[in-house]
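Structural description and commentary
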Amino acid sequence: MDFGLYKPQEEPSIWKSQVSFRLAIFVILILSVGVLWALHEHNKFITDKNNYPVAIFQKYEKKILPVGKPEKEVWHFVPGPISMDQIKKNGCVADGFLSGYGNKTGDIADMLNRSKCVYLHRALETWLRPPDFEKANEIMQTVTKRPVVYGMFLSEAISTWRRYSDPTWDHKFEFDKMCRGQDKDHWEKNSCIPSIDKPEYRRYLKSITHRAMDIGVQSFLFGQVELQDENPNFDSTQIKLVLEDMRSYAKQKNMQIIVGAQTNAITDEKYLRLFDYIEGGVGIDQNGAVENQPCFSKFSTCWALLWDRRYSSIANNVLLHLDWSGLTWDDMGIFARMDQDTRIKTLDSLYHKFTDQNMGFLMPFLAVLNHENDGCYGPNKSFYVPSKKYRCDDESAINKLMPNVKL
């Protein structure tokens, strides 16, 4: 009879065996060191892969990182120094060239490459349309001549229905808030004169001038500044804030810029000297002659003739050109209706008249015409272009009037 006193002997389990405490600690330390070493090696590989060319790791990751073609280097125009003497003697109107004016951009670029032009005045336009910097940069690549200085027009006309965004600035630009007064149909429907006094317009100017400098534009011209600036006098103007910002950004980029304005009959010397140059038209008659007095007699209000000492003696520099407004009676309309001999004699006379007085006269290479002007024209009836490829064919004669470019 078994009263439970008998129990069969059990085999000892490894889990119940007595293990040395020191041995257990030793094993744990060995395992920990192994895990830490593995993590270190993995992290080192990832860091190296991120800091060195992919080619170094191709032997490890041939299937994961295929060999690709190297990225094409992005083209960028590098602006150089500015010579006001060259701008005065080798300056050319190229209105809207970088904005696609004239349509035949390739032909116009070829003409400019053949020219003696150093300065391309108003090449980037903003008349009723925000600038397209991507297009401008593409067109700049077609101009191979050097040196070249690109100009931008800061227009007195904006469209209130257009849209503009800056990829580097998280701000929604509202053109309605840039307008001077309540007139929203000044130039055409849904358009107005912008006001320097409006913070939103100053923000817009900050954006477009900075982006223009980023692609290499160096000359900036305020159109009809007496319209854009509600207080065009040195003591009250807000334009000083804009000019200070532009010049500060240029200094930051280590590039030289010049800023001008169409100042018309303003005679506040301290105000005029805020700008590197003042700019305006000449007001020719059918024979190409101009008047020598402060105001053009064709108008009842003063349309200033800036070579008169009333203005030229109190400005830093003066640049002049054949004016255009898209009307048949403006300078360019009259000029395009002349025969070729009269056109060249007119340019010769004006060029020497003003450069002899240390002023600049800008030769016409691309300018707006009224499409009903009934004279010579370029790629289409809305633009004058002197290229030998089109109807005016003034190219060679104009280049002969300008001096060779000193590099």
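Within each chain, residue numbers correspond to sequence positions counted from 1 in written order. Reporting in this predicted model follows two pLDDT cut-offs: at least 70 for local features of residues, and 80 or more for side-chain atom pairs to be given and counted; totals over whole chains, interfaces and linings ignore these cut-offs and use all residues. Hydrogens and water are ignored here; the side-chain numbers use all heavy atoms of the structure.

Here we take up the overall build of the protein chain. Helix and strand definitions here come from DSSP, where helices need a minimum of 4 consecutive H or I residues and strands a minimum of 2 consecutive E residues; each element is numbered from the N-terminal end. Within the protein chain one finds twelve helices and twelve strands. Partly exposed residues are those whose accessible area sits between 20% and 50% of the maximum for their type, while under 20% is buried and over 50% is exposed, using a 1.4 Å probe and protein chains only. Counting over 407 residues, the protein chain shows a buried share of 45%. Partitioning the contacts of the protein chain with sequence separation of at least 6, the portion at a separation of at least 24 is 71%. Values of accessible area rely on a 1.4 Å probe in the Shrake-Rupley scheme; residue burial ignores everything except the protein chains shown. Accessible area for the protein chain stands at about 22,400 Å²; split by element, carbon and sulfur atoms hold 52% of it. By definition, residues are in contact when any of their heavy atoms lie within 4.5 Å.

With a probe scaled to a water molecule rolled over the atoms, the places where space remains empty come into view. Within this scheme a cavity is a closed region of a 1 Å grid, computed over the protein atoms alone, that accommodates a 1.4 Å probe without allowing it to escape, whereas a pocket is open but has protein on both sides within 12 Å along at least five of seven lines; lining residues each have an atom within 4 Å of a point. Grid points are joined across faces, edges and corners, and a volume is the space filled by probe spheres set on the points. The computed volume of the largest pocket comes to approximately 1,300 Å³. What lines the largest pocket is a set of 50 residues, and nearest its centre among them are Trp127, Glu156, Gln224, Trp324 and Ser325. Looking at which element gives the most residues to the lining of the largest pocket, the answer is strand β8 (residues 277–281), with three residues. Each residue receives one of three labels: charged for Asp, Glu, Lys and Arg, nonpolar for Ala, Val, Leu, Ile, Met, Phe, Trp, Tyr, Cys and Pro, and polar for the others, Gly being one of them. Residue composition of the lining of the largest pocket, grouped by class: 21 nonpolar, 14 polar and 15 charged.

This part takes up the packing of aromatic side chains. Within 6.5 Å between ring centres, the rings of Phe, Tyr and Trp (the latter by its six-membered ring) count as paired, and their orientation is classed by plane angle as stacked under 30 degrees, edge-to-face over 60, tilted in between. Scanning the model with the defined rule gives 18 aromatic pairs in all. Judged by centre distance (5.2 Å) and plane angle (85 degrees), the ring pair of Phe77 and Tyr150 falls under edge-to-face. With Phe77 in the loop between α1 (21–51) and α2 (84–89) and Tyr150 in strand β3 (residues 149–154), this pair connects stretches of sequence that are 73 residues apart. For Tyr150, a relative accessible area of 0% gives the class buried. Aromatic ring contacts, followed pair by pair, group Tyr164, Trp169, Phe173, Phe175, Tyr201 and Tyr204 into a single cluster. Criterion for a charge above a ring: Lys NZ or Arg CZ within 6 Å of the ring centre, and within 35 degrees of the ring normal. Geometry around Phe153 places Arg122 over its ring, the cationic atom sitting 3.5 Å from the centre. Across the ring face of Phe234, the terminal group of Lys240 is positioned such that the distance to the ring centre comes to 4.1 Å.

By definition, a disulfide is the covalent link that joins the sulfur atoms of two cysteine residues. Disulfide: a pair of cysteine sulfur atoms within 2.5 Å of each other. One pass over the full model with this rule turns up four disulfides. Paired by a disulfide, Cys179 and Cys192 hold their sulfur atoms 2.0 Å apart. Between Cys179 and Cys192, the S-S torsion sits near -75 degrees, and that sign places the bridge as left-handed. On the criterion of sequence distance, the pair formed by Cys179 in the loop between β4 (158–159) and β5 (191–192) and Cys192 in strand β5 is long-range, its members being 13 residues apart. The class for Cys192 is buried, based on a relative accessible area of 0%. In this model Cys376 forms its disulfide with Cys392; the gap between the sulfur atoms is 2.2 Å. In this structure, the disulfide formed by Cys376 and Cys392 twists by about 105 degrees around the S-S bond and is classed as right-handed. Here Cys392 lies in the loop between β12 (383–384) and α12 (395–401) and Cys376 lies in the loop between β11 (363–368) and β12, a separation of 16 residues in the sequence.

Okay, the pattern of salt bridges next. Only one rule defines a salt bridge in this text: a Lys or Arg side-chain nitrogen within 4 Å of an Asp or Glu carboxyl oxygen. Scanning all chains against the criterion turns up 14 salt bridges. The partner of Lys206 in a salt bridge is Asp245, and the shortest N-O contact between them spans 2.8 Å. Here Asp245 lies in helix α7 (residues 239–252) and Lys206 lies in helix α5 (residues 199–214), a separation of 39 residues in the sequence. The exposure class assigned to Lys206 is partly exposed, which follows from its relative accessible area of 34%.

Now for empty space enclosed by the protein. Under the defined criterion, the tally for this structure stands at one cavity of 30 Å³ or more. Size it by volume and the largest cavity reaches roughly 40 Å³. As for the largest cavity, its lining consists of Thr126, Leu154, Ser155, Ala157, Ile158, Tyr201, Tyr204, Leu205 and Ile208. At four residues, the largest contribution of residues to the lining of the largest cavity is made by α5. Here the residues of the lining of the largest cavity sort into seven nonpolar, two polar and no charged.

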